[in-house]
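Commentary on secondary and tertiary structure
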Amino acid sequence: MMKSLIAIVGFGLLVAAAHQDVALKDLMPKGMVIGVAINQRQFEGTDSAAVDLITKQFNQISPENVLKFQPTQPAADRYTFDAADKYVQFGVDRHMQVVGHTLVWHSQTGAWVFEGADGKPADRDTLLLRMRDHIRTVVGRYKGKIHGWDVVNEAIDEDGSMRKSPWQVGIGDDYIAKAFEFAHDADPDAELYYNDFNLEKPAKRAGVIKLVQDLKARKLRIDGIGNQAHWRLDTPTIDEIDRTVVELHGTGLKVMYTELDINLLPNTPRGADPSVANPYANGLPDEIQQQLARRYADVFGVFLKHRDAVTRVTFWGLSDADSWLNRGRMNFPLLWDRQRQPKPAFNAVVDVLRNRK
Ligand code: 9MR
């Protein structure tokens, strides 16, 4: 009895250890890279435990913030590339696929970009010149090093119409086509993507599909659709995720899951009771931990089923400690915990990848 108990415990430890030792990048099917969005402490090397984990587990990186408009061009006549250069070099040194995120977005873009003379909004020509200058400079700098760019981010509203972003208001709907044109001119070899969230919602997805079809009709280069995949435990459903990848791939483009995480916290209004807003402040109950593991197993099951369509899966952050989803609360959305130990969700993903048919 005792002996078999020891054997069982020993076997359990062995399985756990085996999982610890395994690298996701070695288990992915051919043609599908696995990546993570990294932050400054990681690409600068100060967070050395994270650097080791990233280097071991992943073959692709995305920049969580450092390549956005504001950090790379804080003023009209000033570009700042110190941090961005380090990010790119981090990936180049490790032979990783380096992604650029993001050239044209309504957020993290200095107010000066949209301002004209006399405090009026900038006119179309001014905005197009600024957009072209930014794209030429940033994409041109990393030509041959950055594999693919999120050219435009989050341009479609929930109802499928064009988001009234300052770019759209100032230039018109063709600002997106212009951005793709400028990006292709700056690096003809780089892959170009359109990136957005909530693509499992039919109206929004229809708007995105219409947009990419319009870009293709204009004979512009576009290689892929980035589905951000900021998901929850129960939503979207596996059926919705499945249907979405099929429809997106129906455009003839590659599909990438570009910002994957599973939010475990409720959507509560500001000032909500902490026990409701921050239910796992003292740790995640085992039951939820197991639900998270099953959820990750299920979504990786869909990715594998559609391996003909899906070329990349990128987590939006390395460990629970790094996630943007904390924002003053305790969230647990990723595969590694705050001590950078693999969670049951990591083991579940490993099992799905190992057992793929
Ligand atoms: O994770 C990023 C966070 O650190 C920034 O504060 C935030 C600013 O808007 O952007 C986050 O990343 C976003 C990404 O660039 C685009 N899709 C949504 C991501 C999460 O907000």
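Residues numbered from 1 in each chain as written. Predicted model: local features only at pLDDT ≥ 70, side-chain atom pairs only at ≥ 80, totals over all residues. Heavy atoms only, no water.

Turning next to unusual backbone geometry. Residues other than glycine predominantly adopt negative phi, and peptide bonds predominantly adopt the trans conformation. In this structure, Thr-102 follows His-101 across a cis peptide bond, with omega equal to 5°. By the element assignment, Thr-102 lies in strand β3 (residues 97–104). Backbone torsion omega between Thr-235 and Pro-236 reads -10°, so that peptide bond is classified as cis. When you line up the elements, Pro-236 lands in the loop between β7 (230–232) and α11 (238–249). With a phi angle near 55°, His-95 is a residue other than glycine that sits in the positive phi range. Its relative accessible area of 73% is what places His-95 among the exposed residues. A positive phi angle, close to 65°, is found at Lys-219, a residue other than glycine. Its place among the elements puts Lys-219 in the loop between α10 (202–217) and β6 (224–227). (Helix = DSSP H or I, 4+ residues; strand = E, 2+ residues; numbered from the N terminus. Buried < 20%, exposed > 50% of the residue type's maximum accessible area, 1.4 Å probe, protein only.)

Here the focus is the site of the ligand. The full set close to the ligand counts 14 residues, and Glu-64, Lys-68, His-101, Glu-259 and Trp-316 are the nearest of them. Between Gln-108 and the ligand, the recorded distance is 3.4 Å, taken from a side-chain N or O atom to an oxygen atom. Between a nitrogen atom of the ligand and a side-chain N or O atom of Glu-154, the distance comes to 3.0 Å. Of the residues belonging to the shell around the ligand, the class tally is three nonpolar, seven polar and four charged. (Near = heavy atom within 4 Å. Polar contact = N/O pair within 3.5 Å; in protein donor to acceptor, adjacent residues only side chain to side chain. Nonpolar A, V, L, I, M, F, W, Y, C, P; charged D, E, K, R; others polar.)

Let us now look at α11. With 12 residues, α11 should cover 16 Å at 1.5 Å per step; its first-to-last C-alpha distance of 17 Å lies within 8% of that length. Along α11, the residues classified as buried are Ile-241, Asp-242, Thr-244, Val-245 and Leu-248. All buried residues of α11 project into a common sector of 165° when viewed along the axis, lining one side. On its buried face, α11 sits against α10, β6, β7, β8 (254–263), α13 (286–305) and β9 (310–315). (Expected span 1.5 Å × (residues − 1). Arc of directions from axis to C-beta. Contact = heavy atoms within 4.5 Å.)

Next up on the list: helix α9 (residues 175–186). With 12 residues, α9 extends 16 Å between its outermost C-alpha atoms, agreeing within 8% with the 16 Å of an ideal straight helix rising 1.5 Å per residue. Listing the buried residues of α9 in full gives Tyr-175, Ile-176, Ala-177, Ala-179, Phe-180, Phe-182, Ala-183 and Ala-186. On its buried side, α9 packs onto β3, α7 (124–141), β4 (148–153), α8 (166–171), β5 (191–196) and α10.

The next point concerns the nonpolar core. Leu-24, Trp-149, Tyr-296 and Phe-300 are the most contacted members of the largest nonpolar core, which totals 109 residues. It is α13 that contributes the most residues to this core, 10 residues altogether. Excluding residues that lie within four positions of it along the chain, Phe-300 makes contacts with Ile-34, Leu-260, Val-313, Phe-315, Val-349, Val-352 and Leu-353. (Core = buried A, V, L, I, M, F, W, Y, C linked by side-chain atoms within 4.5 Å.)

Here we take up the pattern of salt bridges. Tallied over the full model, the rule gives 16 salt bridges. The shortest N-O distance in the salt bridge between Arg-205 and Glu-247 comes to 3.0 Å. A residue pair is termed long-range when its members are at least 10 positions apart, and Arg-205 in helix α10 and Glu-247 in helix α11 qualify at 42 residues. Taking the shortest distance from any N to any O, the salt bridge between Arg-340 and Asp-322 comes out at 3.0 Å. Of the two residues, Arg-340 sits in the loop between β9 and α14 (344–354) while Asp-322 sits in the loop between β9 and α14, which places them 18 residues apart along the sequence. We classify Asp-322 as buried; its relative accessible area is 15%. It is possible to trace a salt-bridge network through shared partners that takes in Arg-41, Asp-47, Asp-322 and Arg-340. (Salt bridge = Lys/Arg side-chain N within 4 Å of Asp/Glu carboxyl O.)

Glancing now at the packing of aromatic side chains. Counted by the stated rule, this structure contains 16 aromatic pairs. Where Phe-58 meets Phe-315, the ring centres are 6.3 Å apart and the plane angle is 65°; that geometry is what we call edge-to-face. Here Phe-315 lies in strand β9 and Phe-58 lies in the loop between α4 (48–57) and β2 (60–63), a separation of 257 residues in the sequence. Residue class for Phe-315 comes out buried when judged on its relative accessible area of 2%. Ring centres 6.1 Å apart and planes at 45° place the aromatic pair Phe-69 and Trp-167 in the tilted group. Of the two residues, Phe-69 sits in helix α5 (residues 69–72) while Trp-167 sits in helix α8, which places them 98 residues apart along the sequence. (Phe/Tyr/Trp six-rings, centres within 6.5 Å; stacked < 30°, edge-to-face > 60°.)

Here we come to the layout of surface pockets. What the largest pocket holds in volume is close to 620 Å³. Around the largest pocket, the lining comprises 24 residues; the ones closest to its centre are Asn-198, His-230, Arg-232, Asn-263 and Asn-267. Going through the elements one at a time, β7 and β8 are the ones with two or more residues in the lining of the largest pocket. The leading source of residues in the lining of the largest pocket is β7, at three residues. (1 Å grid on protein atoms, 1.4 Å probe; cavity = no way out; pocket = protein on both sides within 12 Å on 5 of 7 lines; lining within 4 Å. Points joined across faces, edges and corners; volume = space filled by probe spheres on them.)

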